[in-house]
Amino acid sequence: MTEIIGIIITLLIAAIGFVVIASFRLLPKTPFLLSISYGYGLGFGLVGIHMFLLSRLGVAWHELALLIPWLVLAVYLLLARNLKKVRVKIPRVGSGISLVLIVIILSLIFYVIFEALLRPLTAWDGWASWLLKSRVFYIDGGIRDGVLRYVQSDYPLVVGLVGTFFYTLLGQINDRVVLLLSAGFYIATGGIFFFSLKNKIGIKLSLLFTFLLFATQNLIRHGGRYEAGQADLALGYFFLADTVLLSRYIKDKKISTLVLLNLFVGITGLIKNEGILFSLLIESILLWIIIAQKRFHHMIGLVPFVILFLDWQLYRLFSNMPKVSHYISASIHPERLSIIITEFVRQMINVQNWNLVWIAYMLACITWAFGSGRKNSAWIFLLLSISQLLVYVGVFMVTNTDTIGHIRGVFDRLLIHLAPIAIFFTALVVGGLKGHVPKLFNILYEKV
Amino acid sequence: MPFQSTKSLQKISAIALIILIGLWTLLAGIRTINNLSKLITEEKAWMGLDDEEKRRKFFGKQYSIIEDIKRTTKGKGSVLIVAADGMPYYMARYYLYPQRIYWARAFVPDKAYAYVVFTDKTYALYQPKDYIRVSDDTAQIYKRI
């Protein structure tokens, strides 16, 4: 029974995001399954931000207080919007290969959900940080003064708060069922991945690459098996959603897309500190686009990000949070570059973690550089994945902690943030190769 | 000529990428079968256990220490864990909250804790002053007199 309630709560989070997207028409003419995949991340962020606000206003986290704003929006959606317009459209799959791929993808989803529900939390960072906060906030009934000093964390609170939301609706702490939140990110990442890709490269190739994404062992581990309960897969989801929405905004130039993108980018910075750098990167690109194309009235679309970013930075500054400043040293260590490259190569060839994700990504980069596969805005995915990778390299070169141990300890998790974008980029390059490869391989391609 | 060589490099890299995707698919397929087979092999050992039994099975002695501290202190009083690595501390801080847990690599009697826990028995070669031993099951637990 607890498991069923857990699944309902996870679906509720996706529904909250969907209600916001549909009420404000942030994604018009978008398939339901893509909207609900975005809805999961948006709902996750909004639920966390809402709980954070309630705690700061001194309002108790009663179930009703947690759900009322979303219920009001849902009622508005039912009354004021024509829900008939929301169509659950299942894409047509013609070939036998596609059907086989769908069955395998669904099996992997089932497997990850099963794994998430099989064991209680086992990941170190889960009980040392992320779900510790969920537990602490639930027991305390709010964010008590000084408690963040006790848990020794200057990380954003959204992930912890959504865990508390889950426990509050469940009526108990259950660090097994709460891992469904990680499985939710695994599924929603696949949802955004497939439904955004299929219009660019066709259903067959999109299904193939969605399978390759889902079959990546590190994603399976963080989605449900042993490493669930951390925030890295969530960040991977947000990096992908941000990048896909950015490419959509560049194409459709709609302010509604820009607002949704900025909500996502704002939430990205509230998932993990690593997300802040990515957020700033996206905002810089957006500013450049707006100024270069003289679309100054679109500046208003950046407001959601600015509010979320400033609110959190000011909270960090003025609250009793610990400052983990020892992380950054005063000097740069270029001699670490060889260690970083060695570790990156070690991860690249680590088939156990990644299958051939990174080798294929490197080859896709080379292919793209030679001028093949340059379609469907692949450059955005390349630019953002490489820029963020360089950001991580930069951080390693200024960090104060034990370099080799530190890099080895975190590199595989940092690559989770980038893996969905990297696989998406590889898929776009492969999708753009039609005509560049012998006819033998044409079986992969179909009319888009 | 340079144009032609670029063209052939384009073709080579494109074919190499397609072949690599084929190998990747094969590998992913094999690993998926391996993963799914775990449902009836490896994971069978976890089914039928309750959550506490699963924690004991996964964490082993480390979780027994947490249970020992919980049983001995009954959730009351601050606890200093003396251990070389942070794992027992982080686990205790998680599982025993709201009880206050602290960690030191060596025992220095600079602050009064209700309990001091030595997770490795070699640490407690002497009796900490003002404390009496209350448990010696998985770790040595001392209570302040």
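Described below are features of the structure shown in this document. Since the structure is predicted, the reported quantities are computational estimates derived from the model, not experimental observations.

**Topic: the packing of aromatic side chains**
In total, this model carries 47 aromatic pairs over all chains according to the counting rule given. Where Phe 209 of chain A meets Trp 24 of chain B, the ring centres are 6.2 Å apart and the plane angle is 85 degrees; that geometry is what we call edge-to-face. Taken together, the positions of Phe 209 of chain A in helix H9 (residues 203-214) and Trp 24 of chain B in helix H1 (residues 2-37) put the pair across two chains. Every member of this aromatic cluster is reached through a ring pair, and the members are Trp 124, Trp 127 and Tyr 226 of chain A together with Phe 58, Phe 59, Tyr 63, Tyr 89, Tyr 90, Tyr 94, Tyr 95 and Trp 103 of chain B. Cation over ring: Lys 57 of chain B sits above Trp 46 of chain B, and NZ or CZ is 5.0 Å from the ring centre.

**A few points about the sheet that holds strand S5 (residues 140-144) of chain B**
All names here are of chain B. Taken together, five strands build an open sheet; the order of strands is S2-S1-S3-S5-S4 and the sheet is mixed. Edge positions in the sheet fall to strand S2 (101-104) and strand S4 (131-135), since each of these pairs with one other strand and no more. Going from strand to strand, the sheet's axes swing by 25 degrees on average, the running direction of each strand aside. The pairing of S4 with S5 spans four bridges and is classified as antiparallel.

**Here we look at a nonpolar patch on the surface**
On the surface, Val 306, Leu 310, Leu 314, Leu 317 and Phe 318 of chain A cluster together into a nonpolar patch covering about 510 Å² of accessible area. Overall, the relative accessible area of 68% leaves Phe 318 of chain A in the exposed class.

**Side note on the interface of chain B and chain A**
Between chain B and chain A, the contact holds 46 residues from the first and 64 residues from the second. Between chain B and chain A, a total of about 5,000 Å² is buried, with carbon and sulfur atoms accounting for 68% of that surface. Contact with chain A buries surface across chain B, with Trp 24, Tyr 94 and Tyr 97 of chain B losing the most and accounting together for 18% of the total. Linking chain B with chain A are five salt bridges, by the criterion used here. Note that Glu 42 of chain B and Arg 225 of chain A form a salt bridge whose closest N and O atoms lie 2.8 Å from each other. Where chain B packs against chain A, one counts 19 residue pairs in polar contact (both at pLDDT 80 or more). Sorting the residues of the side of chain B that touches chain A by element identifies H1, helix H2 (51-59) and helix H4 (87-95) of chain B as the ones contributing at least two each. The leading source of residues in the side of chain B that touches chain A is H1 of chain B, at 22 residues.

**Description of the pattern of salt bridges**
All names here are of chain A. In this structure the tally under the stated criterion is 23 salt bridges over all chains. The residue Arg 56 makes a salt bridge to Asp 311 at a minimum N-O spacing of 2.7 Å. Residue Arg 56 is located in helix H2 (residues 32-57), and its partner Asp 311 is located in helix H14 (residues 303-318); the two are separated by 255 residues in the primary sequence. Here Arg 221 ties to Glu 227 by a salt bridge, and the two come within 3.3 Å at their closest N and O atoms. For Arg 221, a relative accessible area of 25% corresponds to the partly exposed category.

**Regarding the environment of Glu 115 of chain A**
By the element assignment, Glu 115 of chain A lies in helix H4 (residues 96-118). If sequence neighbours within four positions are ignored, Glu 115 of chain A has contacts with Gly 224 and Arg 225 of chain A together with Glu 43 of chain B.

**A look at empty space enclosed by the protein**
All names here are of chain A. Under the definition given, this model contains three cavities of 30 Å³ or more. Val 159, Leu 181, Ser 182, Gly 229 and Gln 230 are the residues nearest the centre of the largest cavity, which is lined by 16 residues in total. Among the elements of the structure, helix H5 (124-140), helix H7 (158-170), helix H8 (180-201) and helix H11 (232-252) are those that each provide at least two residues to the lining of the largest cavity. No other element matches H8, which puts three residues into the lining of the largest cavity. Taken together, the residues of the lining of the largest cavity sort by class into 11 nonpolar, five polar and no charged. Computed from the structure, the second largest cavity encloses a volume of approximately 40 Å³. In terms of residue class, the lining of the second largest cavity is made up of four nonpolar, two polar and two charged.

**Section: unusual backbone geometry**
Backbone torsion omega between Tyr 97 of chain B and Pro 98 of chain B reads 15 degrees, so that peptide bond is classified as cis. Note on placement: Pro 98 of chain B falls in the loop between H4 and S2. In the Ramachandran plot, Arg 25 of chain A falls in the positive-phi region, its phi being about 50 degrees despite a non-glycine side chain. Looking at where Arg 25 of chain A falls in the secondary structure, it is placed in the loop between helix H1 (2-23) and H2.

Cut-offs and rules
- Residues numbered from 1 in each chain as written.
- Chains lettered and ligands numbered in written order.
- Predicted model: local features only at pLDDT ≥ 70, side-chain atom pairs only at ≥ 80, totals over all residues.
- Heavy atoms only, no water.
- Phe/Tyr/Trp six-rings, centres within 6.5 Å; stacked < 30°, edge-to-face > 60°.
- Helix = DSSP H or I, 4+ residues; strand = E, 2+ residues; numbered from the N terminus.
- Lys NZ or Arg CZ within 6 Å of the ring centre and 35° of its normal.
- Pairing = 2+ DSSP bridges.
- Axes fitted to C-alpha atoms, helices over the stretch in contact; angles between N-to-C directions.
- Patch = residues over 30% accessible without salt bridge, like charges linked within 9 Å, V, L, I, M, F, W, Y side chains within 5 Å.
- Areas by Shrake-Rupley, 256 points an atom, 1.4 Å probe, with all protein chains shown as cover.
- Salt bridge = Lys/Arg side-chain N within 4 Å of Asp/Glu carboxyl O.
- Buried < 20%, exposed > 50% of the residue type's maximum accessible area, 1.4 Å probe, protein only.
- Contact = heavy atoms within 4.5 Å.
- Buried area = accessible area lost by both parts, 1.4 Å probe.
- Polar contact = N/O pair within 3.5 Å; in protein donor to acceptor, adjacent residues only side chain to side chain.
- 1 Å grid on protein atoms, 1.4 Å probe; cavity = no way out; pocket = protein on both sides within 12 Å on 5 of 7 lines; lining within 4 Å.
- Points joined across faces, edges and corners; volume = space filled by probe spheres on them.
- Nonpolar A, V, L, I, M, F, W, Y, C, P; charged D, E, K, R; others polar.

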